[in-house]
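Residue-level listing of the chains:
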Amino acid sequence: MSRLRIFGAICVAASLGLGLLASVTAPPAAAAPLVWGACDPIHGASKETQCATIRVPRDYANPGGPTIAITVSRLPARDQANKRGVLFGNPGGPGGDAIGLFTALAPPAALRDNWDLIAVQPRGLLGATPVECGLDTSLEAVLSYGKSIRDRCEKQAPGYTRTLTTEATARDIEETRKALGVNKVSLYGLSYGTFLMSTYATLFPDRTDRLVLDSSMNPDWVWNDVIAEQTPHYKARVNAMMAWIAQHDNVYHLGSTPLAVYTKWSDRVTREAGVPPSLAGPPAQVGDVPPGIKAFARQYIDGVNLTAKARAQAANLIATLLVPNGLQAKSVLYSLTRQAAPDRNSWPYVAALTAGLRKPQTPPKTYEKILANGQNLQSLILCNENQVAPQPALTPAALYANLVVADLFSGAGLLYQSGLACAGAPPVTRPVKVANKGLAVQPLQIDSVDDPQTPYGGALVMQRAMRSHLITVGGGDHGQFGRKNKPLDDAIVEYLSTGTTGLRSAPQAPIVTPLLPPQGARTAAGVQGSWS
């Protein structure tokens, strides 16, 4: 795999004219009734999930112009006679497939019984007039990454790419509400979905009933800063993963300290990639001190910790330069470790791979198609809406991280902060400034203190904008709903039922994955999309 192809993998691992919609005329309210049937299996929705197609304006600034087809999924309430309402959901991304959202979340019985669960596939994704962009791994495409993607996508569907925005997707949700014939809808957004659903609530406060924001993003980071802000939190979260694995040394036999586990992990990454990872290990502890120098334990620990980052980066660079085709991003374990960091249900899978107790799963044949489509849409939205000025001084660091050492932890963040990710693709619209404009019911917001994808400090900005009731969850999992965390799930159902809940804090959810996942079991890592 070439470095330019690896560059594309780094972007996937990252983990998202002006005033186009400023004077929008609402499209006609009349809509054809939805015809429900089976969903395309590519979306992974349950057999109980139904799908229909709705046509919406391609460009809401020209409501009488061309239309596009959008897939809508529905998981009907099991108790239709006592149905409480309709809940729309979005899994994040940008670029996350929404059709199977409520299959993946496994909502609690009370929610499943009393709400129709609806998901509108974001425009541009498979099943929603997908963008088709092709692939270009030339150096020129790397140096003008955003322009390259925009031009390739635009060539296939002239005029379409500029309509791929958060606001347009929110308006697609409104068209679906009309087609369903309901007066108000409740909303659930995860990660980027919190921005999308807050945008809907800002545009249509009179049509918004309850609003649940799960793992909220900072709207002030849209978009050049959002991935870079994740970088230190992801690194800290990997340290927490290593500590968890060390606590289960009786299962994995990888060492009883985080650094000991990291050493075994680094060895396996090196075997897979040909070079050691540039990611530094967790801080050394007393248990890491060699027996012969216990008298100098403090000096040893301080020295190891002080030089850990420099040693890891130097070892990686030297090996990358000397080992033919050696590149850390070629390691499946290295890539999966980053993906798994925000989800403790994926940590047993990483531990089992590190210990050689399980083999990497083989992705479904459709995985590459879904991934490429989602990544292209993410790039288009992030560049179409970007409001954060680039920092060109970071360009050398961005090129080094992406093209020289293939750093999956720092590469994507530097790519956007430097401005390379949207080079030649200036914004085409200004995102809606989300705010609580007189919502009848106070939004509910749920965030965990150590979430690496939507850092807690940034989530508080969303809380202030939407004036939300905040539930703080322990730990650092990304996405709190549907994790079999009973106190939290009960509070969400209470809020959807009554419009309020008194819960303000909750412990982290239990890990429900077996410590030794079955061979071939699918990890939950990366379910929410590329960055969020």
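Keep in mind it's a predicted model, so treat the numbers as computed, not measured. The residue numbering used here restarts from 1 in each chain and proceeds along that chain's sequence as written. Totals for whole chains, interfaces and linings use all residues, but because this is a predicted model, local features are given only for residues with pLDDT of at least 70 and pairs of side-chain atoms are given and counted only at 80 or more. Note that the side-chain values use all heavy atoms of the structure and ignore hydrogens as well as water.

**Topic: the packing of aromatic side chains**
Rules: What counts as a ring pair is set by centres within 6.5 Å for rings of Phe, Tyr and Trp (its six-membered ring), and what kind of pair is set by the plane angle: stacked under 30 degrees, edge-to-face over 60, tilted for all other angles. We count a stretch as a helix when DSSP gives it H or I for four or more residues in a row; a strand needs E for two or more, and each element gets its number in order from the N terminus. Residue exposure (1.4 Å probe, protein chains only): buried if accessible area is under 20% of the type maximum, exposed if over 50%, otherwise partly exposed.
Considering all chains together, one arrives at ten aromatic pairs under this definition. On the basis of an interplanar angle of 45° and a centroid distance of 5.8 Å, the ring pair of Tyr 192 and Trp 223 is categorised as tilted. Residue Tyr 192 is found in helix H7 (residues 192-203), and its partner Trp 223 is found in the loop between strand E6 (208-214) and helix H8 (231-247); the two are separated by 31 residues along the sequence. A relative accessible area of 4% means that Tyr 192 is categorised as buried. For Trp 223, a relative accessible area of 0% puts it in the buried group. With a centroid separation of 6.0 Å and 85° between ring planes, the pair formed by Phe 195 and Trp 223 is classed as edge-to-face. Placement of Phe 195 in helix H7 and of Trp 223 in the loop between E6 and H8 is noted, with a sequence separation of 28 residues between them. Given the relative accessible area of 2%, Phe 195 is considered buried. Clustering of aromatic rings is evident, with ring pairs tying together Tyr 262, Trp 265, Tyr 334 and Phe 409.

**Describing the state of the cysteines**
As a reminder, the rule being used: Disulfides are defined as pairs of cysteine sulfur atoms found within 2.5 Å of each other.
The full count for this structure, using the stated rule, is three disulfides. Residue pairing for Cys 39: its cysteine sulfur links by disulfide to Cys 51, the two sulfurs lying 2.0 Å apart. A torsion of 95° about the S-S bond marks the disulfide between Cys 39 and Cys 51 as right-handed. Placement of the pair is Cys 39 in the loop between helix H1 (3-13) and strand E1 (50-57) and Cys 51 in strand E1, with a sequence separation of twelve residues. Of the two residues, Cys 39 and Cys 51, both sit in the buried class. Paired by a disulfide, Cys 133 and Cys 153 hold their sulfur atoms 1.8 Å apart. The S-S bond linking Cys 133 to Cys 153 shows a torsion near 100°; that makes this disulfide right-handed. In this pair, Cys 133 is assigned in the loop between strand E4 (115-120) and helix H4 (139-143) and Cys 153 in helix H5 (residues 145-156), connecting sequence segments 20 residues apart. When the cysteines of the chain that form disulfides are numbered from the N-terminus onward, they connect as 1-2, 3-4, 5-6.

**Some words on the environment of Val 332**
Under the convention used in this document: The contact rule is simple, with two residues in contact once any of their heavy atoms fall within 4.5 Å.
Structurally, the position occupied by Val 332 is in helix H12 (residues 332-340). By relative accessible area, which is 40% here, Val 332 ends up partly exposed. Separated by 142 residues in the primary sequence, Val 332 and Leu 190 have C-alpha atoms spaced 27 Å apart. Sequence-distant contacts of Val 332, defined by excluding residues within four places in its chain, comprise Glu 272 and Pro 360.

**Some points on the UniProt feature "domain: AB hydrolase-1" (unreviewed entry) in the chain**
Our working definition: UniProt positions are given in the numbering used here, feature names are shortened, and annotations may be inferred rather than shown by experiment.
As annotated in UniProt, the feature "domain: AB hydrolase-1" (unreviewed entry) corresponds to residues 92-247 in the numbering used here. The span residues 92-247 is 46% helix and 12% strand, and its two end C-alpha atoms sit 32 Å from each other.

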